[in-house]
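Here are the chains, one letter per residue:
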Protein chains: 2
Amino acid sequence: MEIAVEKQSVKIHPFEGVKDFEIRTASKLVKDAYPSTANVHFVQIDKIDPPKKDMLRYLEAEKHGAPLPNIPRVLYCYYYTNTHEFNKALVNVSIGHIITKVKQPQGVVGPFLPEDMLEMEILCNEHPVVKAEIEKLKLPKGYTVRNDPWIYATDDPNEKRLLVQNFMYVLAGNGHTESNHYSLPLKFSPVFDALTKTFIRMDYLPGGFDATTTPTTPWQEVPCVEYHPDLNGEVLSRDVKPLLVNQPEGPSFTCDRGKVKWQGWEFQVAPNAREGFAVYNASFKGRQVFYRVSLSEMTVPYGDPRAPYHRKQAFDLGDCGFGVNGNKLHLGCDCLGVIQYLDGYGIHANGEPYVIPNTVCMHEQDNGILYKHVNYRTDNAVVARKREFVVQTIATVANYEYIINFKFVTDGSIDIEVRATGILSTMPIDENVTVPWGTIVGPNVMAAYHQHILSFRIDPSVDGHKNSVIYEDTHKLPKDELNPFGIGFVTQKTFVEKAGFVEQSPFTNRSYKIINENVINPISKTPVGYKIGIPAKQMLLADPDSYNSKRAAFATQQLWVTKYSDEQMYAAGEFTNQSQYDTGLGVWANGEDNVRNEDVLVWATMGFTHIPRVEDFPVMPVETHTIHITPNNFFDKNPALDLPQANNTFNKSVLANSTSGEKACCKTNL
Amino acid sequence: MEIAVEKQSVKIHPFEGVKDFEIRTASKLVKDAYPSTANVHFVQIDKIDPPKKDMLRYLEAEKHGAPLPNIPRVLYCYYYTNTHEFNKALVNVSIGHIITKVKQPQGVVGPFLPEDMLEMEILCNEHPVVKAEIEKLKLPKGYTVRNDPWIYATDDPNEKRLLVQNFMYVLAGNGHTESNHYSLPLKFSPVFDALTKTFIRMDYLPGGFDATTTPTTPWQEVPCVEYHPDLNGEVLSRDVKPLLVNQPEGPSFTCDRGKVKWQGWEFQVAPNAREGFAVYNASFKGRQVFYRVSLSEMTVPYGDPRAPYHRKQAFDLGDCGFGVNGNKLHLGCDCLGVIQYLDGYGIHANGEPYVIPNTVCMHEQDNGILYKHVNYRTDNAVVARKREFVVQTIATVANYEYIINFKFVTDGSIDIEVRATGILSTMPIDENVTVPWGTIVGPNVMAAYHQHILSFRIDPSVDGHKNSVIYEDTHKLPKDELNPFGIGFVTQKTFVEKAGFVEQSPFTNRSYKIINENVINPISKTPVGYKIGIPAKQMLLADPDSYNSKRAAFATQQLWVTKYSDEQMYAAGEFTNQSQYDTGLGVWANGEDNVRNEDVLVWATMGFTHIPRVEDFPVMPVETHTIHITPNNFFDKNPALDLPQANNTFNKSVLANSTSGEKACCKTNL
C-alpha cells in the first residue's frame, strides 16, 4: 500500500529529525491497516536511523559532490490495538508503505505517552474508591489532592498488565497552580491498569521506620515548602545586576536545518522523541571523530526497601522519553547570548504530531582560559580564551529535571555535562521518625536516597570506522637498577578484544581510549585516538539478582564496548517499561564478538548516588557531572594554536571601579 | 630596637595582605641587625597571620562595633647571611622590632627568589665549562642556548649546599625572544651551587631507553615547535566573533581593600607571596563557613627514573612561591566582564618591595542554570541562573602555568578549580626511540609522565569553630525481611576522632563532611555541615620509602584532618627546597590529637597523573580539576530561592537569525 508523500521529503537530509508530515503519513498508514474497532492508540512515533552501511555511501557521495544514493526515511510506531495489544510498526514514509508490523509478546509494553499520564491523574482522582479515601483526609477548605502517576516497574514475573502507581499529594489551599504538592505526600497510593483504566488496588505507604502501614486518617496540616516565587515567602533582597552576553557581530556558527559549522567542528544535531537529541557525523578540522553520540538510557533506582517503594526504578528514556518530555526553552532563561533553537515533535494518541518548540538550544559561551604561557624572562604572555558551542536540552520527567549539555570546544574536545535539578521524589514520614535510607527535607516529608545512572552511546569514527578500545593504567616501576630511587612510573595499555565491559580503576589512573590502529600519529608514533574521561563513581547498588540489576546491566559498569549493530540503540534494550530483564548491553556485551579494529560502539556510564540534603528542597540546585572526551595523540600538536590571542580590543572588559563609579579600591598607593 | 612606622598601618585590617612600607620596615630592621659584611640576601618577606585566638576577639569586637583589640602586624623574612647561612626572622612592623631571628640548621634552605633564578641562567650560560660544552654543539648561525634553572630536589642525605640543576635548550635562530626553547632540549645539564655561584659538575642526559649518556656532539637540527603566534606558522583562519560580557549597571559586588560583599557572601581576599592568595572569614547569609582557605602546597614529581630526572620533584609553593611568581593579569585576557584586581608584592634580594600589579582578579560570571522546575500540568517554569564570583590567580612556575579559581556561588557553595596549562617540561630523546615513561611530543623531544598533587588547607568555621569531620559511605542493605527485593541502600557515618587521614573510597560513594555537632538542622535533625567533594584520583605513585614520598606525605592521601594550630600552614612543611623529609602533615597527622568537636584543619589533596599527549605541546590546553564545597543540611531549604527568576527582560538574549540577518533555519513550517 502506498500513499502520496509530500514533495519536501526529497530535500530532507537522512540525519535530519522526523517531520510532522512523516508522522502523519506513518500513523495514517498504520491506522488504515486495522479495522476502526481496533482503536489504534499511538504512544511514540519517530524516525529510525538509516542503515549505517547505506549512510556511509551517502556521506562519501555528499563529500565528493557525487549523486546521492536514495535513502528512504523510515519511522517506527509504537501503539496499542484492541486496548491491550502492544505493537511496533516500521513504516517507509518516503514511498509510503508499512515495512513490518509486529504484535509484541504479552507483557511487553511501550513507553507512556505524556497525555496518557495527564489523563491517568484525572481518572485516579475521580475514581470513587480514591475519592472515598480522600474524604477520610478531611482536608481543610480549599485544599485538594494531586497525584503523580509513576512507572510501576517490576516485582512480579507474572505481571502482564500495564500498571501505574499513583503517588498522592495534598495541594495546599492557596489557590495557586504552582503550589508544591511534593512537599505534602500522602500515605495511600492507588494502582491502576493504564490500558483498561481500571482500579487495581490501594497501596498504603509506611510512615515509620519499617514497612508497617496504617489506615487513612484526617490529614495533619503542616506547612508546605514552596518553590514558586509567588509562594515561597522569600524577599528578593539580592541585588543581582544584569550580566549580558552580547555578540554584536552575531554568532561564530552557522546552522542549516540542524547542520552546524563552528570553529572547525561540523556535525548534525537532530532532536528525537526518546533521547532528546543525537549528534551525527562529527568532525573537527576535517577529520572524523564520531558517527553518532547521544544519551541512550537513564535509570533511577531508589534505595527505600519498603513496599511499594521497592519498585521505584525509572528508565527515563525507555519508559517515558526524554525528547517527548523536553522543555520549551526560552530566551534569557535557559541559556544566554545568541541562541539557535531546534524544534522537536511529540504525538497525540491518534497519531497527530505536535511541535515541541525550541526543545534544543545551541549557543556559544566563554569558559575561561584555554591556554596560557608567560615567558618569565620577557613577561610576554600568550593566552587564548576557551570558547564552547553548547547543545542543550532539558527534560522534565515528572518531578525531576535533567539538563543535558554537549559542549564542543575549540581544542577538539567535547564535554558531555549532565545537570540534575528539579524536585526530589518525596515520601511521607511521621513526626520524630528518621530512616537510614532517606533525608527529612521538610515537615513530615522525606526524600529517599537514590541513584541516577545514565548511559551515553558513543559511535566513534576516529579517523575512520575501524576503531579499537584500550584502557591505560599507570603503574609504579619496580625499584631496581633502572629505578634506584623508586620514583619511576609507566603506563600499560590493554586492548578490549571482545564485547564486554571495563572495570573502573581510578587508583591506577585508568583511562579509556578509542584509537585507530590503522593511523599512526607521526609525532608520538602511536595510534591516533580520543580519550573518554569519566569520573570514578559508585555504580548500581542493588543486588546482582535483583530486578533493578537484571533490568539495567548497563548501570553496573562504567564502560562497555560492543560490535556495531544498527539495532543496538538503547543500553537497557528497546522496551524498558515493566521489563523483567535487560535486552540491551546485558545481551550484547557477550564476550564473543570481536571488537578490536572493528566498527565498535562505546557505552559510557555516568552514575551518581544522590543522598539528598535539605538544600535540595523544594527545588534542587544543580548537581553537575561531566564526561570529558579529548583528542589523545590525534593531532600533531595543540590544535587550537590557530585561535586569535585574547585581548581587550576584542573582549572589551572594564575595571570594576570605572563602571561602578566608585573609587578605585584594593590599590596601594606606593 | 624600634623605628618609625608609617601612619597608614593603623587603618590596615589584620587580614589585609602585606604593604610595601611594612616590607621596607622589616627588611631594614633585619639588615640593621647584622654587620654590612653579612651581605643580607632576602628571598621572601611576607606577613604571617595573627594568632587565631586574638583574631576571634577582633572579629567579635568588629561585629558588635566594640573597640578593636590591637593586633600587631608581623612579617616573616627568609634571608641568607654570609652567603650560605639561612635565617628566618619574625618582625613586628606595627611597633618596629624584631621578635626573633633564627639561623636555620645547615641543609635547610629557603625558597628561590625569582630574580636569583634569572641571574643563575646568565651565570650558567656564561660559565667557561658550559661555554665549552655549548661550543661542541656547533650551533647554526643565530642559534643560541637558554637554560631553565631547576629545583635540584633530593637524592643525597649529606647534601647541604643549595644546588641548581640547569636544563639546557637551544634557542632557535629566528631572533624572536618568544621562541619555544622547550622544543629543543639539550643533553647536558650543569649543576651549580646557587649560593656560592660555583660550578659543581656537568650532568649528561640520556637520549635512549636507559640511563646511558653520551658526550656532547654537534647538534642535529630539528624543527622547533613554536607556540607564539608570530612563529607558530598558523593562519588565523577561525572566524571567532566577539562575545562580550557587559554589566551596564556595574558589578553586583563591592570590594573594599580586598573585603568582598557579594550575594550573601562576605570574605576577605589577600594576596600573599607563597600561596597566591588566601580567603579569610567567609560567611554566607550571615553564617560562618570558613575562617581561612588557601592552596597550601603542590608537588610535581616526574616518573622518568633515569638520573638526573629522578630528582625532578618540585614543590611549587615551598620551593618558589605561587604569589611571587604570580602573573600580572590583563583586562580581556584572563577574565571577562567587570573586573576587580588586587596587587601583590614581591621583593628584591636587598629587601626592597615591588608591586606585582593585578595578581588576583575577581569578577562575576554566569554558569548556566542553577535550578529549574517545570510543572508539567501547567507548563509553568521556575528557573534561576547560576551566578558565580570568581577569585583567580595565575602562577608561572618556569614552564608551567597554574590557574587557581575560587568560585563562590549564589547557593552557598564554593568550587575550587585548578587549571593546568603552559608548557610541558621536556627531555631530549633520540630518533626512533620510545620510552614507557614519556610521550614524544615533537621532533627529538619527550615529555615525561608526571603528577600534580595540590593540597588545599581549609580552616572551617561551620557555624562556629568547634567542628568535626565525618565520612559517609553508601552501602547496600542485606537482603532480608525488610529488604526482600535486594534494592535497599543506606549511609553509614564515621567520625574522624584523631588527627590523621581518610582513605578514598569512591565505590562506597564516600563523601567527606565538616559538621558542627553543636548545631542541629531543625529540618533534617542532623548536625549542620558542609561537604567536601573531591574526585577520586591516583595519589603519589612513588615508593613509600622514596624521597618523593617522604618529602610529601600529604600527597599520599586525599583528605587529612589535624587539630588547629597557628603554625600548621603548609602541607609539606615550611621549608621544602631540597628537604629530606616532610615537616608538615607527615608530622601533624599523628593519630594522637583529638579532632572531634575541636578547632580543626582539613587538608584536601587534589591529585592528577599527567600522561602528556601530543596535543599538550607546544602549549597545553587546560586540564581542569575541581573540588566542590557545598552546604549539606546547613540551611533549612535551598538558600537560593531568593534569587530573581531568569527572564529575557533582564538577560537580553537574542535569536541567532535575528542578529545574523540570516533567514530562520531549523524551523519547520507546519
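Bear in mind that the values here come from a model prediction, so they are computed numbers and not experimental data. (Residues numbered from 1 in each chain as written. Chains lettered and ligands numbered in written order. Predicted model: local features only at pLDDT ≥ 70, side-chain atom pairs only at ≥ 80, totals over all residues. Heavy atoms only, no water.)

Overview of the overall build of chain A
When helices and strands are tallied, chain A shows nine helices and 33 strands. Compactness check: chain A gives a C-alpha radius of gyration of 27 Å against a globular reference of 26 Å for 670 residues, within 12% of the reference. Overall, the C-alpha framework of chain A stretches about 80 × 80 × 60 Å when taken along its three principal axes. Counting the 670 residues in chain A, one finds 65% classified as buried. Put simply, of all contacts in chain A between residues at least 6 apart along the chain, 67% involve residues at least 24 apart. For chain A, the computed accessible surface area is about 22,500 Å², with 52% contributed by carbon and sulfur atoms. Taking the average location of the 65 positive side-chain charges in chain A and that of its 78 negative ones, the two points are 4 Å from each other. (Helix = DSSP H or I, 4+ residues; strand = E, 2+ residues; numbered from the N terminus. Rg over C-alpha atoms; globule rule 2.2 N^0.38 Å. Buried < 20%, exposed > 50% of the residue type's maximum accessible area, 1.4 Å probe, protein only. Contact = heavy atoms within 4.5 Å. Areas by Shrake-Rupley, 256 points an atom, 1.4 Å probe, with all protein chains shown as cover. Lys, Arg positive; Asp, Glu negative; His and termini not counted. Charge placed at Lys NZ, Arg CZ, Asp CG, Glu CD.)

Here's the deal with the relation of the copies chain A and chain B
With an RMSD of 0.0 Å, the operation that places chain A on chain B is a rotation of 180° combined with a shift of 0.0 Å along the axis. Such a turn and shift between the copies fits a two-fold axis. Ranked by how close their C-alpha atoms come to the rotation axis, the residues of chain A are headed by Val245(A), at 2.4 Å. Counting the interface residues of chain A, we find that 100% of their copies in chain B are interface residues as well, pointing to one common contact surface. (Least-squares fit on C-alpha atoms with pLDDT ≥ 70 in both.)

Some points on helix 2 (residues 52-64) of chain B
Residue and element names in this part refer to chain B. Along its 13 residues, helix 2 runs 18 Å from first to last C-alpha, staying within 8% of the 18 Å computed at 1.5 Å per residue. Regarding helix 2, the residues found buried are Lys52, Asp54, Met55, Tyr58, Leu59 and Ala61. Looking at the buried positions of helix 2, the neighbouring elements they touch are strand 13 (276-284), strand 14 (287-301) and strand 24 (450-460). (Expected span 1.5 Å × (residues − 1).)

Quick word on empty space enclosed by the protein
In total, this model carries 16 cavities of 30 Å³ or more according to the counting rule given. Here the second largest cavity defines a volume of roughly 50 Å³. If you go around the second largest cavity, the residues you meet are Arg146(A), Ser179(A), Asn180(A), His181(A), Tyr182(A), Tyr227(A), Ile423(A), His373(B), Val374(B), Asn375(B), Tyr376(B) and Arg377(B). Considering each element in turn, the lining of the second largest cavity owes the most residues, three residues, to strand 17 (residues 353-375) of chain B. Residue classes in the lining of the second largest cavity are distributed as five nonpolar, five polar and two charged. (1 Å grid on protein atoms, 1.4 Å probe; cavity = no way out; pocket = protein on both sides within 12 Å on 5 of 7 lines; lining within 4 Å. Points joined across faces, edges and corners; volume = space filled by probe spheres on them. Nonpolar A, V, L, I, M, F, W, Y, C, P; charged D, E, K, R; others polar.)

So, the confidence of the model for chain A
Residues and elements named next belong to chain A. When the pLDDT values of chain A are averaged, the result is 95; 97% of them are 70 or greater. Note that residues 1-10 has pLDDT below 50 and, in this model, 17 contacts with residues that lie over four places away or in other chains. The low-confidence segment residues 659-670 (pLDDT under 50) makes 31 contacts with residues lying over four places distant or belonging to another chain. (pLDDT = per-residue confidence, 0-100.)

Considering the side chain of Ser296(A)
All names here are of chain A. Here Ser296 lies in strand 14 (residues 287-301). When its relative accessible area of 0% is taken as the criterion, Ser296 is described as buried. Separated by 3.4 Å, the side chain of Ser296 and the backbone oxygen of Met569 make a polar contact. What Ser296 contacts, discounting residues up to four positions off in sequence, is Leu317, Ser455, Phe456, Arg457, Met569, Tyr570, Ala571 and Trp603. (Polar contact = N/O pair within 3.5 Å; in protein donor to acceptor, adjacent residues only side chain to side chain.)

Observations concerning the pattern of salt bridges
Taken as a whole, this structure holds 96 salt bridges over all chains when the rule is applied. In this structure, Glu119(B) engages Lys197(B) in a salt bridge whose closest nitrogen and oxygen atoms are separated by 3.5 Å. Within this pair, whereas Glu119(B) is found in helix 3 (residues 114-125), its partner Lys197(B) is found in the loop between strand 7 (188-193) and strand 8 (198-204), the two being separated by 78 residues in sequence. By relative accessible area, Glu119(B) is classed as partly exposed at 43%. Overall, Lys197(B) belongs to the partly exposed group, its relative accessible area being 30%. Bridged by salt links that share partners, the residues Lys47(A), Asp49(A), Glu275(A) and Arg292(A) form one connected network. (Salt bridge = Lys/Arg side-chain N within 4 Å of Asp/Glu carboxyl O.)

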